[in-house]
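Per-entry structural report
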Amino acid sequence: MLTVHHLNNSRSQRVLWLLEELGAEYEIVRHERDKQTMLAPPSLKAVHPLGKSPVIVDGELTLAETGPIMEYILDKYGEGRLTPAKGDADYWPYRYWMHYAEGSAMPPLVMKLVMTQIPKRAPFFMKPFANAILGKAQKAFVDPQLVRHADYWEAAVQDTGWFAGEAMTAADIMMSFPVEAGAQRAGYESRPALKDFLKRIHARPAYKAALEKGGPYAYA
Ligand SMILES: N[C@@H](CCC(=O)N[C@@H](CS)C(=O)NCC(=O)O)C(=O)O
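Residues numbered from 1 in each chain as written. Predicted model: local features only at pLDDT ≥ 70, side-chain atom pairs only at ≥ 80, totals over all residues. Heavy atoms only, no water.

Here we look at the packing of helix H1 (residues 13–22) against helix H3 (residues 66–77)
Running from N to C, H1 and H3 cross one another at 10°; their axes reach a closest spacing of 10 Å. When the axes of H1 and H3 are compared, the pair comes out roughly parallel. In contact with Arg14, Val15, Leu18, Leu19 and Leu22 of H1, H3 contributes Thr66, Ile69, Met70, Ile73, Leu74 and Tyr77. A breakdown of the residues in the contact of H1 with H3 according to their chemical character gives 9 nonpolar, 1 polar and 1 charged. (Axes fitted to C-alpha atoms, helices over the stretch in contact; angles between N-to-C directions. Helix = DSSP H or I, 4+ residues; strand = E, 2+ residues; numbered from the N terminus. Parallel < 35°, antiparallel > 145°, perpendicular 65-115°, else oblique. Contact = heavy atoms within 4.5 Å. Nonpolar A, V, L, I, M, F, W, Y, C, P; charged D, E, K, R; others polar.)

This is the structure we're talking about:
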């Protein structure tokens, strides 16, 4: 049976959601973040050298990275569901969003997280310097990037409510994590289509089932 190595409050929530949408059988091994550092525990490094989540194990195969994991699951259990057919006008936009989510959307979000966390963890006498330097870097570089990406997502889902075509696809599941993280780090006061996207995905029974099985997830 396929095993998902899942970390609390993490990207691997998407893998559970996809499996629930497809009604596939799987088991979860839960790993807990270190409460101080928020990093993954050594148990994940025992599964894959990078020690990051998600990782799946299916028979002889151990696979990391959300994108290929999603593609593997769709190949094995999808029977064409949640994927536009090859040749369909939505096929390449779908592939684009599948890659864009981790390739381009996540880096500025991770940068924002790191830059806001460093001053909090700095020794007290360093805090003012860390705040001043990283505050400037955020304003000059990270925040404008976040705004640009969030505006781009807002425009992308405005017409149909989904990232690739008229119906929900696995690209929406891939994009759920950057959109959820962006809600906290960029804000959606003036982005009604993204707010609505989150409301609709969070209402899905498969999303809720994944949350129940995955445990704590601060982004929903
Ligand atoms: N691009 C990778 C990113 C993997 C990743 O950074 N995972 C995070 C979870 S959100 C993690 O394991 N963080 C804990 C750590 O770095 O120790 C993917 O999509 O799988």
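A short note on the environment of Met111
In this fold, Met111 is placed in helix H4 (residues 91–121). In the structure, Met111 is positioned 27 residues away from Gln138 in sequence and 8.6 Å away in space, judged by C-alpha atoms. Contact partners of Met111, with chain neighbours within four places excluded, come to Phe141 and Val142.

Considerations on the site of the ligand
All residues adjacent to the ligand are Leu7, Ser10, Arg11, Arg33, Leu39, Ala40, Lys52, Ser53, Pro54, Glu65, Thr66 and Glu102. A distance of 2.5 Å separates an oxygen atom of the ligand from a polar atom in the side chain of Lys52. Residue Ser53 places a main-chain N or O atom 2.8 Å away from a nitrogen atom belonging to the ligand. Split into classes, the residues belonging to the shell around the ligand amount to 4 nonpolar, 3 polar and 5 charged. (Near = heavy atom within 4 Å. Polar contact = N/O pair within 3.5 Å; in protein donor to acceptor, adjacent residues only side chain to side chain.)

Looking at the domain arrangement of the protein chain
On domain assignment, one finds that the protein chain holds domain 1 (2–83 + 208–214) and domain 2 (91–204). The gap between the C-alpha centroids of domain 1 and domain 2 is 21 Å. On the side of domain 2, 22 residues touch domain 1, which itself brings 17 residues to the contact. Together, Arg11, Arg14 and Trp17 form the three largest contributors to the area buried by domain 1 at its contact with domain 2, with a combined 39%. Arg11 is the partner of Glu102 in a salt bridge, and the nearest nitrogen-oxygen pair spans 3.0 Å. If you look at where domain 1 meets domain 2, you find 7 residue pairs in polar contact (both at pLDDT 80 or more). Those elements that place two or more of their residues in the side of domain 1 that touches domain 2 are H1 and H3. For the side of domain 1 that touches domain 2, the element with the most residues is H3, which contributes 5 residues. (Domains from an automatic or database assignment. Buried area = accessible area lost by both parts, 1.4 Å probe. Salt bridge = Lys/Arg side-chain N within 4 Å of Asp/Glu carboxyl O.)

Looking at unusual backbone geometry
Cis geometry marks the peptide bond from Ser53 to Pro54; its omega dihedral reads 5°. Mapping Pro54 onto the fold places it in the loop between helix H2 (42–45) and strand E3 (55–58). A positive phi angle, close to 65°, is found at Met38, a residue other than glycine. Looking at the element boundaries, Met38 is found in the loop between strand E2 (26–31) and H2. A residue is classified by how much of its surface remains accessible, and Met38, at 35% relative accessible area, is partly exposed. Even without glycine at this site, Glu65 takes up a positive phi of about 80°. Among the structural elements, Glu65 can be located in the loop between strand E4 (61–64) and H3. (Buried < 20%, exposed > 50% of the residue type's maximum accessible area, 1.4 Å probe, protein only.)

So, the side chain of His31
Inspection of the secondary structure puts His31 in strand E2. A polar contact is formed between the side chain of His31 and the side chain of His5, at a distance of 2.9 Å. Setting aside residues no more than four positions away along its own chain, His31 makes contact with His5, His6, Leu7, Asn8, Pro41, Ser43, Leu44 and Val47.

Observations concerning the packing of aromatic side chains
For any pair of aromatic rings, the description rests on two quantities: the centre-to-centre distance and the angle between the ring planes. All chains considered together, the criterion is met by 13 aromatic pairs. Relative to Tyr152, the ring of Tyr100 lies with its centre 5.7 Å away and its plane at 75°, an arrangement referred to as edge-to-face. Taken together, the positions of Tyr100 in helix H4 and Tyr152 in helix H5 (residues 127–158) put the pair 52 residues apart, joining distant regions of the chain. For the ring pair Tyr217 and Tyr219, a centre distance of 5.3 Å and an interplane angle of 55° mean the geometry is tilted. Residue classification places Tyr219 among the buried positions, given a relative accessible area of 15%. (Phe/Tyr/Trp six-rings, centres within 6.5 Å; stacked < 30°, edge-to-face > 60°.)

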